[in-house]
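This is what each chain is made of:
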Amino acid sequence: MPRLRGPGAPPRVTVAVAVVVVVMAVVVQGAAGQDATFPSLTDAMLPPDEGPEGSVAGVSLGPGHSLLCSPPLDPLEVTQQPPTTLCAFVRVNVTRQAARLLTLTFPTSTLTVEIDHLGVWLGVAGDGAAPPAVFFFEARFPPGVWRHLCLQHRPAPPQAKCVVDGAREPPSTMSVEDDQGALASRRWSDAGGNGGGQLCVGGGEVEADVAGVALWFQLLQEDVLAGTSGCETPWRGGAPRMSLGSWWLPKGGAAPATFPLRQVCGAAPRLVLVRPAGTFRGHGVVCAALGGAVPSAAVLAPALATTLASHNESCRGPAGLLSWVGGSPVGGTAAEETCPALTAGGAAQAACVRQLPCSVCTVPHAALYRLYGHDGSLFDHTFFLQAEGGRLAFRGAGGSRLERDGDGWRLVSELHGRRWTLADAPVPVGRRLWTEGAAQTVLALTVCRSGQFCCSDGQCVAQTARCDDIVHCRDRSDEADCSVVVRPQGYDPYYPPPPRPGEEPPLDLLYHVDVYSLDDITTEGGSATMNVGMTLMWHDPRIKFLNLKSGVKNYFPCNLVWTPSVRAVSGHGEGTVLQTDDYEKFCFAHANDEKEQRPLSDAFMSHQADGATHAIQNYVGVLASTPCHFQLERYPFDTQKCNISFMLMNAPWTRVFRKTTPGASVEYFDTRRVLLEYELHALTTEVSAFLQGTDNNTYFALTFHLQRLYGYHVTNSYFPSLLMFFISWATFFFQVDDFTNRIMIALTAQLVLAALFTSTTQSSVRTPYLKLIDVWYAAVITFCFVIVISQTVINVVLHASSVPRAALLLVGLRGAALQKGKVAIFSFARNRSPKGLPRGPEGGLQMAAAQRYNRVLRVAVMVVAVLFVGSYSLMALGAI
């Protein structure tokens, strides 16, 4: 069976200047033989006794409801949706809104294919537990053109692949609007199933021919998938699990038919005559703008005479040149370069800068042109090439026409008498200024897809290249009109945005705050100077965003939109207004997972994002200094909080601050946390409101949690004073009768403590109330004073002429006081007494009493001191 070489993928060439296009003829297709060893897919789909050799079983759908279904599979064979490959030849006869083309049902899910002139939708709906998975591919299906379509779907994770005429179509990332400007929404059926798998063709209001339908429950390899049509290469895979045949059941307007393989594979590119053609490079730009290319001499020569027949001698250029042909320039400088051309006698070389009156392009039959810049109420948005009486015309999907009018072009509709004209223009391709009377409108006719931007001369560049500060278009139009925000007429940035659908005031005003640095904080200075970055986030449903780029901040002037007016106040919302330095302020927006729209009413083909789904973000860098009201009762083991608040002033009662991330912590970016006297322990924030007059102003407070560095005080106050106490207390170990040294050392220690206390008081902050350090010094000085008094008491007891019984009882000498004859145990060994003490029993009793007083007071002072130090340490640790 002969094999015909079908169309390849439409060439993608760079576009430059727009030119006039005139369609004159269709290229004659050439046949290529096939290797009989490998049967084609179309042979495998046809039973041996059905249809003539070289034909494909198919069905004609419509008008009206049409359906052709296969017999159901055994439910035990297909219990759940497997990986699926679905292929078919498709020819759309009448283009309408997207209509159902193929439906594959499983016991728990349904796979649906919809098609129109915009492309192909693949939707997979399950049992309702999860939302449907929808994939869109911008595969072009112009009226009357056969194309081979293959779709693959992997259930988990959901993935889809589309191959048209052997070329892979990338998934579209943009939502698409229909010709009326509304979003093309798709409603996918819930999981159906009739007890087993079943494949149906049609089912919607579609007028189309479908042939060679084949289904595999596997994912074919890329090279095999590209050859499943059987038009160009023999297919190497196994037979499909299901294929269209005479046993399928038609319903409604479905009419089973067979189509010659030569017909379904015969959509060869058109030969399009362009005049005036211009230079070699200019003609290449024109062909690329049409979605085609300059043909080779081998392709053009056989059809050149037919193409030029209706133009007589008007297309004959200098030296008999008729058309440029594909090839590369030869030569040195631009003036010396020669380029391949074609004359009536054959191939030739001509100066590349020559201006030819005519030349030819090859344009795929599937070329589709989108007209941007109008709302669709008067004219179509989608156009196809159509030759009418030897003149090029663009036919709209809904009846509009774009045709030559003298030296220009006119855009007309069969439904009304409106007419837009493009004067003195060789071609309508690209971005042009059209007129209707005195009114002017910018329109863009282009083959560029949704992920691309059309330059003013028709060149297609990636949409991400739009407004990236790098020139990609030859005419630099990709860097023109680079506004990020579009405001409706009458927009006033003074008024806050209204609620979004479903929202009620007060609305959330999201905030995020970072602290970059803090200056040194002293108790005496009592203020904190900081560098703060504050980001506010809100939605404004009144505006639109254009061409948001993923992964970057899309900046725009803040004065274009309403922005929150925030002022800083000291304390927790109740303090005084602070003077701040807002050293940096800018607004931006991020692209998010929401689908962007590409409104056909925008001649610049912008990708628009709704302000209701994409937040405005306002960043402000603030330098501020706020007073800190320290409470120093636990000084120097105190922890302090210093607050600064940011209050919203221009949206009372309508907005409430809310932190963007959970938790109260705030990030601190400086590695230096020791702030002279304090260490930054933590940063927190909280939201509140403050009633000011009749306005309830929301605010968020930023709190610095500070821990005082007490090591200096330990080494310079506590340790020396404790040493002085121990020195004073050590006098209890001196000889009881050495009163002079005892009292002098105790008094000296007390005087040193007083000096230390005075020095500490002068070097630390002064307060009208006691601090922990004051309590310490007061206690230690008191202990030293008690020691001095104790030494005096001991000396009095030692030198008293008589020891009162009560004094002896006080220190536990009851037995000695009652039994004087046994006092010898307290006397000196040789009946000697210290100087000034009486000899005998009375002198020994005084010494014993003094020693007993010395021991008791020594222990008592130490016990009280230890108890105090322990209690004080617990208070200090509790404060820390």
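Residues numbered from 1 in each chain as written. Predicted model: local features only at pLDDT ≥ 70, side-chain atom pairs only at ≥ 80, totals over all residues. Heavy atoms only, no water.

Naming follows an unreviewed UniProt entry, where the protein appears as Neurotransmitter-gated ion-channel ligand-binding domain-containing protein of Scylla paramamosain.

Helix and strand counts for the protein stand at eleven helices and 48 strands. In the protein, which comprises 880 residues, the proportion classed as buried is 50%. In the protein, 72% of the contacts between residues at least 6 apart in sequence involve partners at least 24 apart. Carbon and sulfur atoms make up 56% of the accessible area of the protein, which amounts to about 39100 Å² in all. (Helix = DSSP H or I, 4+ residues; strand = E, 2+ residues; numbered from the N terminus. Buried < 20%, exposed > 50% of the residue type's maximum accessible area, 1.4 Å probe, protein only. Contact = heavy atoms within 4.5 Å. Areas by Shrake-Rupley, 256 points an atom, 1.4 Å probe, with all protein chains shown as cover.)

Read from one edge of the open sheet, three strands run 20-21-22, paired in antiparallel fashion. Sheet topology places strand 20 (321–324) and strand 22 (346–351) at the edges, where each strand pairs with a single neighbour. Each adjacent strand pair in this sheet contributes to an overall mean axis angle of 50°, direction not counted. Relative to strand 22, strand 21 (residues 338–343) runs antiparallel, the two being bridged by six bridges. Note on strand 22: the bridge partner recorded for T338 is A351. (Pairing = 2+ DSSP bridges. Axes fitted to C-alpha atoms, helices over the stretch in contact; angles between N-to-C directions.)

Right, let's talk about the pairing of strand 40 (residues 581–589) for a bit. Two elements, strand 38 (residues 554–556) and strand 40, share three bridges in a ladder whose sense is antiparallel. Within the sheet, the bridge partner assigned to Y555 lies in strand 40 and is F588. For strand 40 and strand 42 (residues 616–627), the ladder comprises eight bridges, and the chain directions are antiparallel. What sits directly across from A589, in strand 42, is I616.

With that settled, the discussion passes to the packing of aromatic side chains. Counted under the stated rule, the structure contains 33 aromatic pairs. Aromatic ring contacts, followed pair by pair, group F637, Y710, Y718, F725, F726, W776, F783, F868 and Y872 into a single cluster. Across the ring face of F588, the terminal group of K553 is positioned such that the distance to the ring centre comes to 4.9 Å. (Phe/Tyr/Trp six-rings, centres within 6.5 Å; stacked < 30°, edge-to-face > 60°. Lys NZ or Arg CZ within 6 Å of the ring centre and 35° of its normal.)

This part is about the sheet that holds strand 41 (residues 608–610). With antiparallel pairing, the three strands of this open sheet are ordered in space as 34-37-41. Across the chains shown, the open sheet's two edge strands, defined by having one partner strand only, are strand 34 (485–486) and strand 41. Relative to strand 37 (residues 544–546), strand 34 runs antiparallel, the two sharing two bridges. By the bridge assignment for strand 37, V485 is matched with F545.

Moving on: the UniProt feature "transmembrane region" (unreviewed entry) in the protein. Taken from the UniProt record, the annotation "transmembrane region" (unreviewed entry) applies to residues 718–736, 743–763, 775–798 and 856–877. For residues 743–763, helix accounts for 100% and strand for 0%, while the C-alpha atoms at its two ends are 30 Å apart. Helix makes up 100% of residues 775–798 and strand 0%, whereas the separation of the span's terminal C-alpha atoms amounts to 34 Å. (UniProt positions renumbered as here; feature names shortened; annotations may be inferred.)

Within the largest apolar cluster, 91 residues are counted, with the highest numbers of intra-cluster contacts made by V515, F545, F556, I644, F704 and F725. The dominant element in this core, judged by the number of residues it contributes, is helix 8 (residues 772–799), at 14 residues. By size, the runner-up hydrophobic cluster in this structure holds 42 residues, among which are L102, V164, V201 and A254. (Core = buried A, V, L, I, M, F, W, Y, C linked by side-chain atoms within 4.5 Å.)

For the structure shown, the criterion picks out nine disulfides. Note on cysteine connectivity: C69 is disulfide-linked to C200, with sulfurs 2.0 Å apart. In this structure, the disulfide formed by C69 and C200 twists by about 110° around the S-S bond and is classed as right-handed. In this pair, C69 is assigned in strand 5 (residues 66–69) and C200 in strand 14 (residues 198–202), connecting sequence segments 131 residues apart. (Disulfide = S-S within 2.5 Å.)

Another aspect to go through is the confidence of the model for the protein. On average, the protein scores 81 in pLDDT, and the residues at 70 or more come to 84%. Across residues 176–186, confidence stays below pLDDT 50; counting only partners more than four residues off in sequence or on other chains, it has 34 contacts. (pLDDT = per-residue confidence, 0-100.)

The next subject is the environment of P505. Along the polypeptide, P505 turns up in the loop between strand 34 and strand 35 (507–518). Here P505 falls in the exposed class, since its relative accessible area comes to 55%. For P505 and R655, which are 150 residues apart along the polypeptide, the C-alpha to C-alpha distance reads 7.1 Å.

Here helix 6 (residues 711–730) is 20 residues long and its end C-alpha atoms lie 27 Å apart, about the 28 Å a rise of 1.5 Å per residue gives. Along helix 6, the sharpest kink reaches roughly 30°, centred on Y718 and followed within four residues by the proline P720. Along helix 6, the residues that are buried comprise H713, S717, Y718, S721, M724, F725, S728 and W729. (Expected span 1.5 Å × (residues − 1). Bend = angle between axes of the 7 residues up to and from the residue.)

Moving on to unusual backbone geometry. In most cases, non-glycine residues show a negative phi, while peptide bonds are predominantly trans. Following A156, the chain continues into P157 via a peptide bond in cis, with omega recorded as -10°. Of note, P157 is situated in the loop between strand 11 (146–154) and strand 12 (159–164). For the peptide bond that leads from Y635 to P636, omega is 10°, which places it in the cis range. In this model, A319 sits at a positive phi of 60°, which is unusual for a non-glycine residue. Of note in this structure, L676 is not a glycine but carries a positive phi near 65°. Inspection of the secondary structure assignment puts L676 in the loop between strand 46 (674–675) and strand 47 (678–692).

Now for a nonpolar patch on the surface. A cluster of nonpolar side chains, namely F785, V786, I789 and V793, defines an oily patch on the protein surface of about 300 Å² accessible area. Mapped onto the elements, I789 comes out in helix 8. We classify I789 as partly exposed; its relative accessible area is 40%. (Patch = residues over 30% accessible without salt bridge, like charges linked within 9 Å, V, L, I, M, F, W, Y side chains within 5 Å. Salt bridge = Lys/Arg side-chain N within 4 Å of Asp/Glu carboxyl O.)

Two elements in contact, helix 7 (residues 739–763) and helix 8, have axes separated by 10 Å at closest approach and are oriented at 165°. The angle between helix 7 and helix 8 places the two elements in the roughly antiparallel class. In the packing of helix 7 onto helix 8, the handedness of the crossing is left-handed. Tallied by class, residues from the contact of helix 7 with helix 8 come to 17 nonpolar, five polar and two charged. (Parallel < 35°, antiparallel > 145°, perpendicular 65-115°, else oblique. Left-handed = near helix turned anticlockwise from the far one by under 90°. Nonpolar A, V, L, I, M, F, W, Y, C, P; charged D, E, K, R; others polar.)

Looking now at the side chain of D514. Tracing the sequence through the fold places D514 in strand 35. Despite its burial, D514 pairs with no opposite charge; the closest candidate is K659, at 8.1 Å N-O. Within the structure, D514 has its side chain in polar contact with the side chain of H512 (distance 3.0 Å). Ignoring any residue separated from it by four or fewer positions in sequence, one finds D514 in contact with N531, V532, G533, V666, E667 and F669. (Lys, Arg positive; Asp, Glu negative; His and termini not counted. Polar contact = N/O pair within 3.5 Å; in protein donor to acceptor, adjacent residues only side chain to side chain.)

Under the counting rule described, the total for this entry stands at 17 salt bridges. Among the ionic pairs, D209 bridges to R91, the shortest N-O distance being 2.5 Å. Of the two residues, D209 sits in strand 15 (residues 207–216) while R91 sits in strand 6 (residues 84–94), which places them 118 residues apart along the sequence. Accessibility classification places D209 together with R91 in one group, the buried group. We note a salt bridge from E436 to R418, for which the minimum N-O separation is 2.5 Å.

Turning to its location among the elements, C784 is positioned in helix 8. Considered as a pair, C784 and V861 are 77 residues apart in the sequence and their alpha carbons are 9.3 Å apart.

By the element assignment, T103 lies in strand 7 (residues 99–105). Residue T103 is classed as buried on the basis of its relative accessible area, which comes to 11%. Look past the residues within four positions of T103 in its chain and what remains in contact with it is T110, L111, T112, Q198, L199, C200 and G202.

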